[in-house]
Amino acid sequence: MMFLQIFKFTTALSDYLQTSGLDYIQAWRKIDGTIKSLKENQRDFLPVSAAAKIFIEFVSSVIWEDESDIDIELELPEKRRKIIPKRSGENSSTNHNIGDGDTPEKVYKIKTFNVVMDNIIACLECRFSGSKELYCDLELFDPRRFEEIAKNGIHSEAIHKICELLPHIDKHKLGEQLLSFVKFWPQISKTDFRDVYDVYQNQSNLQEDSDLEDFEYSRENNDNNVCTRKQKCNSCLLCVTNVIYEFNMYSLEYNELFEVYKFLLTIPLTQVTCERSFSKLKIIKTRLRSCLTQDNLESLFLMNCERELLADITPDRVMDLMCDNSTEMSRMLRV
């Protein structure tokens, strides 16, 4: 019952941190709210005790109806207190948090419930609380926040944490590149090589005010979009990085910004990706498939993790690659 009480506060946070379209600001707010909720109920043992008693009474009634010989204790057993010999100069209350007249339920609360709650709160604060500035900086590079940045600008204390992690990045230059990129993002995100001539023909009729009006920020629509190599959602970090790379804007114009996006895509913010990778590795390498070589294991592992890349590879492309690397395969496959 104690852990059910804890899961009541942490399940929503755990589910949100495992989503693909993670909003960094909302993630931090959920983390902060979860920590506050746990602190408010840090010493609230009464709901746990009441739920445990109700469960014990229910199980006892079921066993009584089945006429089973199993005996269930309705109360916590009272253990015999271990008497610690006192040394000279020590009082009887020295280093004792539990009195002689405390009930077993109070002993369980002090030694188990309080310790578990304190450890959970300490772990959450140690893992996430020190990264508040980093979460806020990362949110600035999310394309779903570009409209807000275009209207309100960048705070003077922003992107400071990222520049500490990347010492070769100039903070002032990065801020200027981000503001410039946000300004032209409505045009860049909609540009395609197929209609590039139409864009140039209509470029003279575009104005800065109309750019911001056309760029409608809708979080619900962005969440429903699926980002693949064939269909881009233009609402994730990968799409922004691909746009900068495809239009060759990473060399001089947005070189600092491109370095930051590569950094964001390289380092995961949660352990979900790593844990899923290890789970896939256990599926690939089993007891009956334990003789795989290291090269084959790495290849199968990458194919399993990067399934979206495999979806774009056609059989003809694989055959052409095999023919280029082997004369015998070229003779057999190319008729």
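Attention here is on the structure that accompanies the text. (Residues numbered from 1 in each chain as written. Predicted model: local features only at pLDDT ≥ 70, side-chain atom pairs only at ≥ 80, totals over all residues. Heavy atoms only, no water.)

**Details of helix 4 (residues 104–128)**
Then comes step 1: When the terminal C-alpha atoms of helix 4 are compared, their 35 Å separation across 25 residues agrees well with the 36 Å that a helix rising 1.5 Å per residue should span.
Then comes step 2: Every buried residue of helix 4 is listed here: Phe 113, Asn 114, Val 116, Met 117, Ile 121, Leu 124 and Phe 128. (Helix = DSSP H or I, 4+ residues; strand = E, 2+ residues; numbered from the N terminus. Expected span 1.5 Å × (residues − 1). Buried < 20%, exposed > 50% of the residue type's maximum accessible area, 1.4 Å probe, protein only.)

**Some thoughts on the state of the cysteines**
Then comes step 1: Using the criterion set out here, one finds zero disulfides in the structure.
Then comes step 2: Cys 126 carries a free sulfur, and the closest cysteine sulfur to it, the one in Cys 123, is 7.2 Å from it. (Disulfide = S-S within 2.5 Å.)

**Considerations on the packing of aromatic side chains**
Then comes step 1: Taken as a whole, this structure holds ten aromatic pairs when the rule is applied.
Then comes step 2: Consider the rings of Phe 45 and Tyr 108, whose centres lie 5.9 Å apart with planes at 50°: the pair is tilted. Pair noted here: Phe 45 is in the loop between helix 2 (24–40) and helix 3 (46–65) and Tyr 108 is in helix 4, with a separation of 63 residues, a long-range link.
Then comes step 3: Aromatic pair Phe 146 and Phe 181: ring centres 6.1 Å apart, planes at 85°, arrangement edge-to-face. (Phe/Tyr/Trp six-rings, centres within 6.5 Å; stacked < 30°, edge-to-face > 60°.)

**A short note on the pattern of salt bridges**
Then comes step 1: Scanning the model with the defined rule gives eleven salt bridges in all.
Then comes step 2: With its nearest N and O atoms 2.9 Å apart, the salt bridge here joins Arg 144 to Asp 142.
Then comes step 3: On the accessibility criterion, Arg 144 (6% relative accessible area) is buried.
Then comes step 4: A salt bridge links Glu 148 to Arg 145, with the shortest nitrogen-to-oxygen separation between them at 3.4 Å.
Then comes step 5: Relative accessible area serves as the criterion here: at 44%, Glu 148 is assigned to the partly exposed category.
Then comes step 6: Look at Arg 145 and you get buried, because its relative accessible area is 15%.
Then comes step 7: Each of Glu 139, Arg 145 and Glu 148 takes part in one network of salt bridges that share partners. (Salt bridge = Lys/Arg side-chain N within 4 Å of Asp/Glu carboxyl O.)

**As for the environment of Leu 166**
Then comes step 1: The topology assignment puts Leu 166 in the loop between helix 7 (160–165) and helix 8 (171–190).
Then comes step 2: Overall, Leu 166 belongs to the buried group, its relative accessible area being 10%.
Then comes step 3: Once the C-alpha coordinates of Leu 166 and Glu 259 are considered, the two residues, 93 residues apart in sequence, prove to be 9.0 Å apart.
Then comes step 4: Every residue in contact with Leu 166, bar those within four places of it in the chain, is listed here: Val 260 and Phe 263. (Contact = heavy atoms within 4.5 Å.)

**Thoughts on the environment of Asp 71**
Then comes step 1: With respect to the helices and strands, the residue Asp 71 is situated in the loop between helix 3 and helix 4.
Then comes step 2: Note on Asp 71: relative accessible area 73%, which makes it exposed.
Then comes step 3: Remark: the alpha-carbon pair of Asp 71 and Ser 60, spanning eleven residues in sequence, is separated by 8.1 Å.

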